[in-house]
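Structural overview
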Amino acid sequence: MTSSKLGKFGSLRKRLLAGIEKDPATDCWNWQGTKVMGYGTLMVRTHRLAYELFVGEPPDGRVLDHMCDNPSCCNPDHLRPATVRENSLRGDHLFARRARQTHCLHGHEMTAGNTYITPSTGRRQCRMCRRLRNRIASRERTLRKQAARKTLVN
Ligand SMILES: [Zn+2]
Ligand SMILES: [Zn+2]
């Protein structure tokens, strides 16, 4: 690595660390800045940048695979250099697993009618859960409004 490259990386390292929020539950280093297709970007993909800064350049032709399946995570411990083939195979498995999913986390059947596909990400969501979430959110809004009114009256 030349000294000019080190200088560039020195300030990148600061910007990278400033943009990361560590999640104590998963130990993921979640990138808070700009994301493209779920991956953090800071000129290059942030997970790749973090790996190069803290571990080193991945071996020739290797891509970095997220062992935690969290594309915005930059924790070098969660990254593993994989061949493109391994990576896409793993991706296929993931895709297949999601496509095969017949029930949501809460056990609602993921029929065509009950599946909402997020237009921006293509992610499948359970419509029943979305409705429940919205209902809870609006109930909370009403409760907050009532509480605010009460404090005004008192
Ligand atoms: Zn992670
Ligand atoms: Zn559901």
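The following paragraphs examine the structure supplied in this document. Keep in mind that what you see is a predicted model, and the values were worked out from it rather than measured. (Residues numbered from 1 in each chain as written. Chains lettered and ligands numbered in written order. Predicted model: local features only at pLDDT ≥ 70, side-chain atom pairs only at ≥ 80, totals over all residues.)

Considering the overall build of the chain
Helix and strand content of the chain: four helices and nine strands. Helices and strands appear in the chain in the N-to-C order α-β-β-β-β-β-α-β-β-α-β-β-α. Among the 154 residues that make up the chain, the fraction classed as buried is 14%. Taking contacts inside the chain between residues at least 6 apart in sequence as the whole, the part at least 24 apart equals 38%. (Helix = DSSP H or I, 4+ residues; strand = E, 2+ residues; numbered from the N terminus. Buried ≥ 20, exposed ≤ 12 C-beta atoms within 10 Å, placed from the backbone. Contact = placed C-beta atoms within 7 Å.)

Concerning unusual backbone geometry
Residue D27 is not a glycine yet carries a positive backbone phi of 70°. Its place among the elements puts D27 in the loop between β1 (20-22) and β2 (29-31). Take D27: there are 12 C-beta atoms within 10 Å of it, and that puts it in the exposed class. For D69, which is not glycine, the phi torsion reads 55° and is therefore positive. With respect to the helices and strands, the residue D69 is situated in the loop between β6 (62-66) and β7 (79-83).

Thoughts on the environment of A50
Note on placement: A50 falls in helix α2 (residues 46-54). Aside from chain neighbours lying at most four places away, what touches A50 is L16, W29, C74 and P76.

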